[in-house]
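Residues per chain, in single letters:
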Amino acid sequence: MIKAKGYAAQNANDTLGLWDFERREVGPHDIQIEILYCGVCHSDLAQINNEWFPGIFPMVPGHEIVGRIVKMGDHVKKFKLGDLAGVGTLVNSCGKCGHCKNDLEQYCDEGVTATYNNVDKFRDGLPTYGGYSNTIVTDESFTVLISEKLDLAAAAPLLCAGITTYSPLKHWKVGKGHKVAVLGLGGLGHMAVKFAVALGAEVTILSTSPKKEADARRLGAHHFVVTKDPEQTDKVKSSFDFIVDTVSAGHDFDFYLSLLKVDGTHICVGVPPEGIHVNGAFSLLAGRKSIVGSAVGGIAETQEMLDFCAEHNIVADIEIIDIKDIQVAFDRMGKGDIRYRFVIDMSTL
Ligand code: NAP
Ligand code: ZN
Ligand code: ZN
């Protein structure tokens, strides 16, 4: 086994602290990455706090992992030693079902293995530990190559915030001629803005934070609407083809559906612990509207997104933090005070 250290929560709701643990030996198809940066996703906070389901503890969060390859197995084909590599939210799947065969590992019929807070039932049945750590061992087929062109720290959030917003925009063929609203300007939201703009859509940010307007314009958004101000929201009633909903807390779906055009689509990527509820049937019926969801993206699509980012020079807007300040970052994230992704400099571990 390989000795590793990380930041872990020993129990639900705990603050994180230094923890020594072990990674598996590098197998024939594995690579070992020295982790240089790891992004901080709202999902990390949600899982430490058992907001989704009872977690597996100790928990080392982190699924926006980038670093350099320091060791590889004999059968590794995609990489060479010293390459920059990334690991996102998935580390294994059955490999046999229709979804796995069609590059949709995230929807594996057997249930995908998440990078942390999971057990790898396809391998050894042992718990998985994430990227708030100095090193990780992964199968090359769940690892992506990162271009040397991209700022590495700012590329880390592409591994979750990036792919989670890129994938639905591509799936629903968002592009020129579409009016797209991005609901919530945080980690996912700011990446959704960058991608929707790059794909040619007219983009409006729907935010609870009036202070984010200047940033919104700098990110490329064409319009900014403060959702607490009825005068502003009245002007965008029945106006959007798509809403990309990245909000992490409970909110009023009937209200946001009223901002969609006839045949409009409300794409949920955020995970409000309260769930997704529509009270009035006519919120959907009167206008043939859809509420849909999307989870991260497959490995091939993650590589496609990273190549798209290298081509269009897209990375996240980040605040680099020392790992000892992770609690401060979580507190700010809980208040929506995000500009627009915290990334841990792993040399501070
Ligand atoms: P984040 O950086 O904290 O951003 C969430 C944003 O939502 C906030 O910045 C805020 O934006 C808005 N918001 C927060 N509370 C709100 C409230 N009560 N009402 C309205 N708006 C509110 O979080 P993130 O990392 O982007 O993650 C967003 C959500 O996506 C989380 O639930 C996360 O677990 C989930 N997620 C899902 C997937 C997937 O596969 N589908 C992948 C990753 C993450 P404003 O200040 O602009 O209002
Ligand atoms: Zn995430
Ligand atoms: Zn499968």
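Along each chain, numbering runs from 1 in the same order as the chain's sequence is written. As a convention, the first chain written is A and the first ligand written is 1, with the rest following in written order. Whole-chain, interface and lining totals are the exception, using all residues; otherwise, since this is a predicted model, local features are given only for residues with pLDDT of at least 70 and side-chain atom pairs are given and counted only at 80 or more. Side-chain metrics rest on all non-hydrogen atoms present in the structure, leaving aside hydrogens and water.

*Asks:* Explain the site of ligand 1 here, please?
*Replies:* A molecule or strand has a residue near it when one of that residue's heavy atoms lies within 4 Å. In the vicinity of ligand 1, 29 residues are found, and the nearest of them are His-42, Ser-207, Thr-208, Ser-209 and Arg-341. Two N or O atoms count as a polar contact when they lie within 3.5 Å, although within protein this holds only if one can serve as hydrogen donor and the other as acceptor, and sequence-adjacent residues are included solely when both atoms are side-chain atoms. Within the side chain of Ser-43, one N or O atom sits 2.9 Å away from an oxygen atom of ligand 1. Take Ser-294: an N or O atom from its main chain is 3.0 Å from a nitrogen atom of ligand 1. Of all the secondary structure elements, the ones that give two or more residues to the shell around ligand 1 are helix H1 (42–48) and helix H5 (187–198). Only Asp, Glu, Lys and Arg are considered charged, only Ala, Val, Leu, Ile, Met, Phe, Trp, Tyr, Cys and Pro nonpolar, and every remaining residue, Gly among them, polar. When grouped by side-chain class, the residues that make up the shell around ligand 1 number 13 nonpolar, 14 polar and two charged. Summarising the domain contributions, the shell around ligand 1 has at least three residues from each of domain 1 (2–160 + 317–348) and domain 2 (162–293). Only DSSP runs of H or I with at least four residues qualify as helices, and only runs of E with at least two residues qualify as strands; both kinds are numbered from the N terminus onward. Domain limits in this description derive from either an automatic procedure or a database domain assignment.

*Asks:* Just to check I follow, could you spell out the sheet that holds strand E13 (residues 240–245) for this structure?
*Replies:* Strands belonging to one sheet form pairs held by backbone hydrogen bonds; the direction of such a pair is parallel or antiparallel. Taken together, six strands build an open sheet; the order of strands is E12-E11-E10-E13-E14-E15 and the sheet is parallel. Each edge of the open sheet is held by one strand with a lone partner, namely strand E12 (223–226) and strand E15 (290–293). Averaged over all adjacent pairs, the angle separating strand axes in this sheet is 20°, with direction ignored. For strand E10 (residues 179–183) and E13, the ladder comprises four bridges, and the chain directions are parallel. Within the sheet, the bridge partner assigned to Ala-181 lies in E13 and is Ile-243. For two strands to pair, DSSP has to find at least two bridges joining them. An axis is simply a line fitted to the C-alpha atoms; with a helix, the fit covers only the stretch in contact. Between two such axes, the angle follows the N-to-C directions and lies from 0 to 180 degrees.

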